[in-house]
There are 2 protein chains.
Amino acid sequence: MNENTLVQEFLEVLRKAPKVALFSHVSPDGDCLGSMLAIGLALEKMGKEVLFYNPNLVPSNLMFLPGSSRISQQLPDPQPETLVFVDCTDLGRVNLLTSDISKVSTILNLDHHISNQHFGHINWVDAQASAVGELALTLINLLGAEIDSDIATNLYTAIVTDSGCFQYGNTTAQTHRLTAELLDLGIDLVSIHHNIFDQKPLSQIKLLQYALNGLEIHAEGQLALMTLTLEDFQKSGAEQELSEGLVNHARSIVGVEAAVLLKEAGPLEIKAGLRSNLWLNVNEIATKFGGGGHNRAAGCTFRVPIEDAKQSIVSTIGEALRIGRNY
Amino acid sequence: MNENTLVQEFLEVLRKAPKVALFSHVSPDGDCLGSMLAIGLALEKMGKEVLFYNPNLVPSNLMFLPGSSRISQQLPDPQPETLVFVDCTDLGRVNLLTSDISKVSTILNLDHHISNQHFGHINWVDAQASAVGELALTLINLLGAEIDSDIATNLYTAIVTDSGCFQYGNTTAQTHRLTAELLDLGIDLVSIHHNIFDQKPLSQIKLLQYALNGLEIHAEGQLALMTLTLEDFQKSGAEQELSEGLVNHARSIVGVEAAVLLKEAGPLEIKAGLRSNLWLNVNEIATKFGGGGHNRAAGCTFRVPIEDAKQSIVSTIGEALRIGRNY
């Protein structure tokens, strides 16, 4: 099936469906929720009945998304015939098994992950898109549904979160062109950004404080390392997930090629988040310790005391930086 | 002169000029340098001789801009007949007096500040543009000069810095459309962002650490306040300017409406940076203490010990937040 036929069939199923259930992945983010809500609200404008499903609660900084209060943690029962999966590589991302899906359903799979398992009956997977939000806007345009400011707000949030405010390498000219369309519709940029990005729990700011208090520079300034102990998490009152992204403060220091955040998830359970800026392959370093990831962002777990984990990672990365090439 | 005639005359002067000197403002930023370099490199492609002037040195995180090493801190002597001022509200922004400009020169003034003094012979001032970079790209397109990746890199930097990575309220659909044009030309997004944003001196990270160590929450969570003493600056080795932007960490805490950074610039010289998120008019609060600024970002200076300054600002902002309306 060529791309054009595929999109036409995708549209055809949606146009004919009187009732649609939409699904998005566990640990929901701005892209999966914004894209799912935008498509659902557009389908409602076309007179269809729409149900939204996510296995988890909506994160507090995304509760402003129009329609988000309608997302249910209960699977639709009975299932409508038309199911749309948004931003999901496979059914496992929605905590579902094949047996959870009714045999008579048509599964539409809309995603931008190159690793997508093509588990749907029609799989619109475009790995060139910075966010599923790009595909969702194209889809809604093709359906001919009116895009109001609620839909535009959802789509903008999808794109701005998955493209890292247009900073990540997945951002393309098309990303900006589609975003321009959304701005033409008159969304409130300042309020959206405030809602998404300025809702940090105080405990997360305290975690940053403790991480900076433990900042160490190694390898003649090329390696910056931060540690967070169980005590730091207890004192700050922060959950483990709130340490997400803190490693970027170490990565942003001038001259730093590799940055590491070591966090104590439990006694003898040290999780290492590794980042590099320009050339070091941290995936290979993480793999050496039983982990993995991408070339510039990877992770691994050490089953040793935190001081021993620190020594291992500093000496391994230090050596890789010293010889100036990848492992 | 209507807008169209104005732009045509602006173009005409540039087309006829064999030699052009370009000027950008003190404390140079990505927009003034990127826009100036882009226009100059484009004029060179048209066979013109070009000189670049800035009163200050290029900041280290902008030294990657193609052509930046050619920016001189010496005024051109002799002055060419055609002078282009980029991103400057008035001659004072370039540390110049009217008497510094040759009587026979034609001054072209390209800017996006609403407060521009229209000091040129032709003044292309568009306050709708998020960055002069938008106007520079339009100008180069109208001149018909080829935009290579060096020029595109300069223009992208201009736009991304002055629009705050497309987050500020000055960002428009046109901002994104012009950016799409630049991405079509194949610029290296990841490398540009790394060069601009990931070059923080270690001393700046230490300053953040000290600021967070002194974080206080007042007014039932609506006011977040950080202080930096002379000792903090000494211990970190950071210059005063490096505290720029740190107040945003306080502003980004959930529930916070007003954020303050108090810094000791000297004995009995306490500078307060004030920010608000949604409604508090911090300009009016700063004005009360002899300062000023914008509704959401303002500043003032206290000539008292830092503890007294803190008490004044906490009680004044606390009261404004309590009564829930602007001063």
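About the thresholds
- Residues numbered from 1 in each chain as written.
- Chains lettered and ligands numbered in written order.
- Predicted model: local features only at pLDDT ≥ 70, side-chain atom pairs only at ≥ 80, totals over all residues.
- Heavy atoms only, no water.
- Helix = DSSP H or I, 4+ residues; strand = E, 2+ residues; numbered from the N terminus.
- Rg over C-alpha atoms; globule rule 2.2 N^0.38 Å.
- Buried < 20%, exposed > 50% of the residue type's maximum accessible area, 1.4 Å probe, protein only.
- Contact = heavy atoms within 4.5 Å.
- Areas by Shrake-Rupley, 256 points an atom, 1.4 Å probe, with all protein chains shown as cover.
- Lys, Arg positive; Asp, Glu negative; His and termini not counted.
- Charge placed at Lys NZ, Arg CZ, Asp CG, Glu CD.
- UniProt positions renumbered as here; feature names shortened; annotations may be inferred.
- Least-squares fit on C-alpha atoms with pLDDT ≥ 70 in both.
- Pairing = 2+ DSSP bridges.
- Buried area = accessible area lost by both parts, 1.4 Å probe.
- Salt bridge = Lys/Arg side-chain N within 4 Å of Asp/Glu carboxyl O.
- Polar contact = N/O pair within 3.5 Å; in protein donor to acceptor, adjacent residues only side chain to side chain.
- Nonpolar A, V, L, I, M, F, W, Y, C, P; charged D, E, K, R; others polar.
- Axes fitted to C-alpha atoms, helices over the stretch in contact; angles between N-to-C directions.

- In the nomenclature of an unreviewed UniProt entry, chain A is known as Phosphoesterase RecJ domain-containing protein of Desulfosporosinus lacus DSM 15449.

## Let's talk about the overall build of chain A
Logical step 1: Per the secondary structure count, chain A includes 11 helices and 12 strands.
Logical step 2: Relative to a compact globule of 327 residues, whose C-alpha radius of gyration would be 20 Å, chain A shows 22 Å and is just as compact.
Logical step 3: Dimensions of chain A, computed from C-alpha atoms along their principal axes, come out at roughly 60 × 40 × 35 Å.
Logical step 4: Across the 327 residues in chain A, those meeting the buried criterion constitute 53%.
Logical step 5: When contacts within chain A are restricted to residue pairs at least 6 apart in sequence, long-range pairs at least 24 apart make up 62% of them.
Logical step 6: Of the accessible surface of chain A, which amounts to about 13600 Å², a share of 48% is contributed by carbon and sulfur atoms.
Logical step 7: Of the charged side chains in chain A, 22 are positive and 37 negative; the average position of the first set lies 4 Å away from that of the second.

## Overview of the UniProt feature "domain: DHHA1" (unreviewed entry) in chain A
Logical step 1: Using the residue numbers shown here, the UniProt feature "domain: DHHA1" (unreviewed entry) corresponds to residues 235-321 of chain A.
Logical step 2: Span residues 235-321 of chain A is 34% helix and 29% strand, its end C-alpha atoms 34 Å apart.

## Section: the relation of the copies chain A and chain B
Logical step 1: After a rotation of 180° and a shift along the axis of 0.0 Å, chain A superposes on chain B with an RMSD of 0.0 Å. Interpreted geometrically, this transformation is the action of a two-fold axis.
Logical step 2: When you check the interface residues of chain A against chain B, 100% turn up at the interface there too, and the contact is symmetric in its surfaces.

## Description of the UniProt feature "domain: DDH" (unreviewed entry) in chain A
Logical step 1: UniProt records the feature "domain: DDH" (unreviewed entry) for residues 19-159 of chain A in the present numbering.
Logical step 2: Overall, residues 19-159 of chain A shows 28% helix and 20% strand. The separation of its end C-alpha atoms is 26 Å.

## Remarks on the side chain of A:Gln209
Logical step 1: With respect to the helices and strands, A:Gln209 occurs in helix H7 (residues 202-213).
Logical step 2: Residue A:Gln209 is classed as buried on the basis of its relative accessible area of 13%.
Logical step 3: Excluding its chain neighbours within four sequence positions, the residues that come into contact with A:Gln209 are B:Leu212 and B:Asn213.

## Considerations on the sheet that holds strand E10 (residues 269-276) of chain A
All names here are of chain A.
Logical step 1: Strand order in the open sheet formed by six strands is E7-E8-E9-E10-E12-E11, and the pairing between neighbours is mixed. Taken across any chain shown, the strands that pair with only one partner, and hence form the sheet edges, are strand E7 (216-218) and strand E11 (292-293).
Logical step 2: Alignment of E11 against strand E12 (residues 297-302), held across two bridges, turns out to be antiparallel. Each residue of the ladder has a partner; that of Gly292, found in E12, is Gly299.

## Topic: the interface of chain A and chain B
Logical step 1: Listed as interface residues are 40 residues of chain A and, on the opposing side, 40 residues of chain B.
Logical step 2: Contact between chain A and chain B buries roughly 3500 Å² in total, counting both sides, with carbon and sulfur atoms accounting for 63%.
Logical step 3: On the surface where chain A and chain B come into contact, there are four salt bridges.
Logical step 4: We note a salt bridge from B:Asp198 to A:Arg251, for which the minimum N-O separation is 2.9 Å.
Logical step 5: Summed over the shared surface of chain A and chain B, the number is 17 residue pairs in polar contact (both at pLDDT 80 or more).
Logical step 6: Those elements that place two or more of their residues in the side of chain A that touches chain B are helix H5 (173-184), helix H6 (189-197), H7 and helix H9 (247-251) of chain A.
Logical step 7: Here the side of chain A that touches chain B is built from residues that sort into 20 nonpolar, 14 polar and six charged.

## Focus on the sheet that holds strand E3 (residues 71-72) of chain B
Residue and element names in this part refer to chain B.
Logical step 1: What the six strands build is an open sheet, ordered E3-E2-E1-E4-E5-E6; its pairing is parallel. Across the chains shown, the open sheet's two edge strands, defined by having one partner strand only, are E3 and strand E6 (122-125).
Logical step 2: In terms of strand pairing, strand E2 (residues 49-53) meets E3 through two bridges, oriented parallel. Across the sheet, the residue bridging to Phe52 is Ile71, located in E3.
Logical step 3: Contacts from helix H1 (residues 3-16) reach strand E1 (19-24), strand E4 (82-86), strand E5 (106-111) and E6 within the one sheet, and its direction differs from that of E6 by about 120°.

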